[in-house]
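Tertiary structure, described
So you can see what is in the structure, the chains are spelled out below.
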Amino acid sequence: MKTVFTTEHGVIVKSAAQQSDVIVLGAGIVGVCVALHLQKRGKSVVLVDRKEPGEETSYGNAGLIECSSVMPYGAPRELGTLLRYGLNRSADVRFDWSYLPQIAPWLWRFWRESAPKRLKKAASDMWPLISRSVAEHEALASEAGATSELHRSGWIETFRKPGSLAKAKAAAGDLAPFGVRYEVLDADSLREREPHLSNEFVGGVHWLDPATVRDPGGLVKSYAKAFFQRGGTFHKADASNLVNDGIRWRLNLESQSLFAQEVVVALGPWADDVARRLGYRLPFVVKRGYHVHYSAKAGATLNHPVFDADGGYVLSPMRQGVRLATGIEFAPRDSRPNFSQLDFVEPLARRTFPLQGRIESEPWMGSRPCLPDMRPIIGNAPRHKGLWFAFGHNHHGLTLGPVTGRLLAEMMTGRVAFTDPRPYAMDRFS
């Protein structure tokens, strides 16, 4: 028996099914893409989340499919930068002081993993995923009829200080072995590409290869719609009800139970809750972030996402308006929002681009799932048959959703994986 529900947009969002091959927990970009790739390889899949697809972490980001971010976002090594961060004197990073004792071991491990040699190894391990990120998105977007959602004009990193621009040029040059394409812009060239930016910038770097998205949550919904149209089903449910009876996995709903031989945990910042209940202790934290949308003053347009590297924020053209996105906040996932980073950068952003009023009554807040070695977990659980994980993508969940889905589906169906999955194995934290 099957019961079908639709939203006001006509997208299938729920279908009751007792038995499937796989239950995928999490309907963000990673979970939806895992479900799609498994479905394409012949698996019957049930997708589960407490909200509809694309309405949690995947909704709130700068809209970048970031194939130019070869080097992971490591911890700074300069004493001055560390002091600014530690004293909450930078827009890039804010700490909730009461949270520091809890995350101090993670921060220490993150700092060690950010040493130059280890960071270079992390870049090498991540490159097979990063380098395929745009192509894998394009493949899914084509199948979902959503190719118009992907814009291939790249994004621009801007600088207010000549020294910052010089460092960025040197760093970009170091990426030559990876074949990353970019253009260094002087102040005049920058104004040609973004004529409504202020004249406070001395130049920038235009990263040419990334794709950008003007409605990240909408893109996830497009992929989910393709999954539903091919017979996939979705339930709103609490993943904490997952149990294993030694033979199969069961998820208890209000009126029935779902059964499957395999389950994938792709819950982003909530994945560690399920992992811990199953006995897995991981060095896991969340980095919170905020955004709010503005209307632009009459005649002003923003052509690319623009990262003010010295200011510590991003402005992105979105379907909802111009999105102002902050840096990161280290705070408990479920604690009250603190909008101080947005309030700090808003005056500078208004000087940068002619923003008008805020569109929302309250800014959005979300969390990014982070592991200290800057690699996600993609693969099987060491102590449970049929349990798989796909989370911990740090700042690159939107970027790496489709390529993660492909890799995990290849592993789960016994295919030859397109790259060695060992760098992403959970047992590296044993």
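Described in the following lines is the structure provided in the data block.

Rules used throughout
Within any chain, residue numbers begin from 1 and follow the written order of that chain's sequence. For this predicted model, a pLDDT threshold of at least 70 governs which residues receive local features, and a threshold of 80 or more governs which side-chain atom pairs are given and counted, while totals over whole chains, interfaces and linings are taken from all residues. Heavy atoms from the whole structure form the basis of all side-chain values; hydrogens and water molecules are not counted. Put simply, DSSP H or I for four residues or longer makes a helix, DSSP E for two residues or longer makes a strand, and each gets a number counted from the N terminus. The reference for a compact globule is 2.2 Å times residues^0.38; the radius of gyration itself is calculated from the C-alpha atoms. Per-residue accessibility, obtained with a 1.4 Å probe over protein chains only, is compared with the maximum for each type, and a residue is labelled buried under 20%, exposed over 50%, and partly exposed between these values. Any pair of residues with heavy atoms lying within 4.5 Å of one another is described as a contacting pair. Under this rule, positive means Lys or Arg and negative means Asp or Glu; His and the chain ends count for nothing. Any Lys or Arg side-chain nitrogen located within 4 Å of an Asp or Glu carboxyl oxygen qualifies as a salt bridge. Identification of polar contacts relies on pairs of N or O atoms within 3.5 Å, with a donor-acceptor requirement for protein atoms, meaning one able to donate a hydrogen and the other able to accept it, and with residues adjacent in sequence counted only if both atoms are side-chain atoms. Every definition here rests on a 1 Å grid over the protein atoms only: cavities are sets of points where a 1.4 Å probe fits but cannot get out, pockets are open sets enclosed by protein on both sides within 12 Å along at least five of seven lines, and lining residues have some atom within 4 Å of a point. Grid points are joined across faces, edges and corners, and a volume is the space filled by probe spheres set on the points. Residue polarity is assigned by list, with Asp, Glu, Lys and Arg as charged and Ala, Val, Leu, Ile, Met, Phe, Trp, Tyr, Cys and Pro as nonpolar; anything else, Gly included, falls into the polar class. We define a nonpolar core as any set of buried Ala, Val, Leu, Ile, Met, Phe, Trp, Tyr and Cys residues linked to one another through side-chain atoms lying within 4.5 Å. The residues that make up patches have over 30% relative accessible area and no salt bridge, and they are joined within 9 Å when like-charged or within 5 Å when they are Val, Leu, Ile, Met, Phe, Trp or Tyr. To measure how exposed things are, a 1.4 Å probe is used in the Shrake-Rupley method; for residues, cover is taken only from the protein chains shown. A pair of strands is treated as paired once DSSP finds two or more bridges between them. The bend at a residue is defined as the angle formed between two axes, one fitted to the seven residues ending at that residue and one fitted to the seven starting there. Aromatic contacts are taken between Phe, Tyr and Trp rings whose centres are within 6.5 Å, Trp giving its six-membered ring; a plane angle under 30 degrees counts as stacked, one over 60 as edge-to-face, and the others as tilted. Only when the NZ of Lys or the CZ of Arg is both within 6 Å of the ring centre and within 35 degrees of the ring normal is a charge said to sit over the ring. Whenever a helix is involved, its axis is fitted only over the stretch in contact; in every case the axis is a line through C-alpha atoms, and angles between N-to-C directions fall within 0 to 180 degrees. By definition in this entry, angles of less than 35 degrees are roughly parallel, angles greater than 145 are roughly antiparallel, angles of 65 to 115 are roughly perpendicular, and the rest are oblique. What makes a crossing left-handed is the near helix being turned counterclockwise from the far one by less than a right angle; a clockwise turn instead makes it right-handed.

Considering the overall build of the protein chain
For the protein chain, the count of helices and strands is eleven helices and 24 strands. Relative to a compact globule of 430 residues, whose C-alpha radius of gyration would be 22 Å, the protein chain shows 21 Å and is just as compact. Within the protein chain, the fraction of its 430 residues that count as buried is 57%. Counting contacts in the protein chain only where the partners sit at least 6 residues apart, residues at least 24 apart contribute 76% of the total.

Re the side chain of Glu 66
Along the chain, the position of Glu 66 falls in the loop between β5 (64–65) and α2 (79–86). There is no salt bridge for the buried Glu 66, and the closest opposite charge comes from Arg 152, which lies 10 Å off by N-O distance. In this structure the side chain of Glu 66 is engaged in a polar contact, spanning 2.7 Å, whose partner is the side chain of Ser 68. Every residue in contact with Glu 66, bar those within four places of it in the chain, is listed here: Ile 130, Trp 155, Pro 210, His 396 and Thr 399.

Structural notes on the layout of surface pockets
Considering only enclosed or pocket space, the second largest pocket measures out at about 330 Å³ in volume. Around the second largest pocket sit 16 residues that line it, and Tyr 99, Gln 102, Asp 272, Phe 284 and Val 285 are the ones nearest its centre. Counting residues per element, the ones that place at least two in the lining of the second largest pocket are α3 (100–113), α9 (271–277) and β16 (285–296). With four residues, α3 is the single largest residue contributor to the lining of the second largest pocket. The residue makeup of the lining of the second largest pocket, split by class, is eleven nonpolar, one polar and four charged.

Examining the nonpolar core
Membership of the largest hydrophobic core comes to 47 residues, with the highest contact counts inside it found for Val 24, Leu 38, Leu 129, Tyr 223 and Val 264. The biggest single contributor to this core is helix α1 (residues 29–40), with eight residues. Look past the residues within four positions of Val 24 in its chain and what remains in contact with it is Gly 31, Val 34, Ala 35, Leu 38, Val 45, Val 46, Leu 47, Val 48 and Val 264. The next biggest cluster of nonpolar side chains, apart from the first, holds 31 residues, and it includes Val 48, Tyr 280, Leu 371 and Met 426.

Observations concerning a nonpolar patch on the surface
Taken together, the side chains of Leu 79, Leu 83, Leu 87 and Trp 97 present a nonpolar region at the surface, about 450 Å² in accessible area. Judged by relative accessible area, Leu 87 falls into the partly exposed class, the value being 46%.

Description of unusual backbone geometry
Of note in the backbone geometry, Met 374 takes a positive phi value of approximately 65° without being a glycine. One non-glycine residue with positive phi stands out, namely Asn 394, at about 55°. Position of Asn 394 relative to the elements: it lies in the loop between β24 (387–391) and α11 (397–412). For Asn 394, a relative accessible area of 12% translates into the label buried.

So, empty space enclosed by the protein
Counted according to the given criterion, the structure contains one cavity of 30 Å³ or more. A volume near 140 Å³ is recorded for the largest cavity. Forming the boundary of the largest cavity are 18 residues, of which Pro 72, Tyr 73, Met 374, Asn 394 and His 396 lie nearest the centre. Considering only residue class, the lining of the largest cavity consists of ten nonpolar, six polar and two charged.

Some details on the pairing of strand β22 (residues 364–370)
Judged by how many residues are buried, β22 sits mostly within the fold: six of seven residues are covered. The pairing of β16 with β22 spans seven bridges and is classified as antiparallel. Residue Arg 288 lies in a different strand from β22, and its bridge partner there is Ser 367.

What to know about helix α4 (residues 116–130)
Residue Ser 124 marks the point of greatest curvature in α4, where the axis turns by about 25°; the proline Pro 128 follows within four residues. Among the residues making up α4, those that are buried are Leu 119, Ala 122, Ala 123, Asp 125, Met 126, Pro 128, Leu 129 and Ile 130. The secondary structure elements touched by the buried residues of α4 are α3, α5 (133–144), β23 (377–380) and α11.

A closer look at the packing of aromatic side chains
Here the structure, examined in full by the defined rule, presents 13 aromatic pairs. Measuring from ring centre to ring centre gives 5.9 Å for Tyr 280 and Phe 389, while their planes differ by 75°; the resulting arrangement is edge-to-face. Of this pair, Tyr 280 sits in the loop between α9 and β16 while Phe 389 sits in strand β24; the two residues are 109 residues apart in sequence, bridging distant segments of the chain. Here the aromatic residues Phe 95, Trp 106, Phe 110 and Phe 330 are joined through ring pairs into a cluster of three or more. Note that Arg 50 overlies the ring of Trp 270, its terminal NZ or CZ placed 4.5 Å from the centroid. The ring of Phe 259 has Arg 248 sitting right over it, with the charged end atom 3.9 Å from the ring centre.

Comments concerning the packing of α4 against α11
At a minimum axis separation of 9 Å, α4 and α11 run at an interaxial angle of 90°. In terms of orientation, α4 and α11 fall into the roughly perpendicular class. Across from Met 126, Leu 129 and Ile 130 in α4, the residues of α11 making contact are Leu 400, Val 403 and Leu 407. Considered class by class, the residues forming the contact of α4 with α11 number six nonpolar, no polar and no charged.

Concerning the packing of α1 against α11
Packed helices, taken two at a time, are described by their axes: the angle between them and the distance between them. One can describe the packing of α1 onto α11 by two numbers: an axis separation of 7 Å at closest approach and a directional angle of 35°. The two elements α1 and α11 cross, and the hand of that crossing is right-handed. Of the residues in α11, those touching α1 at Ile 29, Val 30, Cys 33, Val 34, His 37 and Leu 38 are Gly 397, Leu 398, Gly 401, Pro 402, Thr 404, Gly 405, Arg 406, Leu 408, Ala 409 and Met 412. Here the residues of the contact of α1 with α11 sort into ten nonpolar, five polar and one charged.

Let's talk about the environment of Asn 338
Mapped onto the elements of the fold, Asn 338 is located in the loop between β20 (328–330) and α10 (340–352). Taking the C-alpha atoms as reference points, Asn 338 and Met 365, 27 residues apart in sequence, are found 9.0 Å from one another. Among all residues touching Asn 338, those that are not within four sequence positions of it are Arg 94, Arg 288, Tyr 290 and Glu 329. In this structure the side chain of Asn 338 is engaged in a polar contact, spanning 2.8 Å, whose partner is the side chain of Ser 340.

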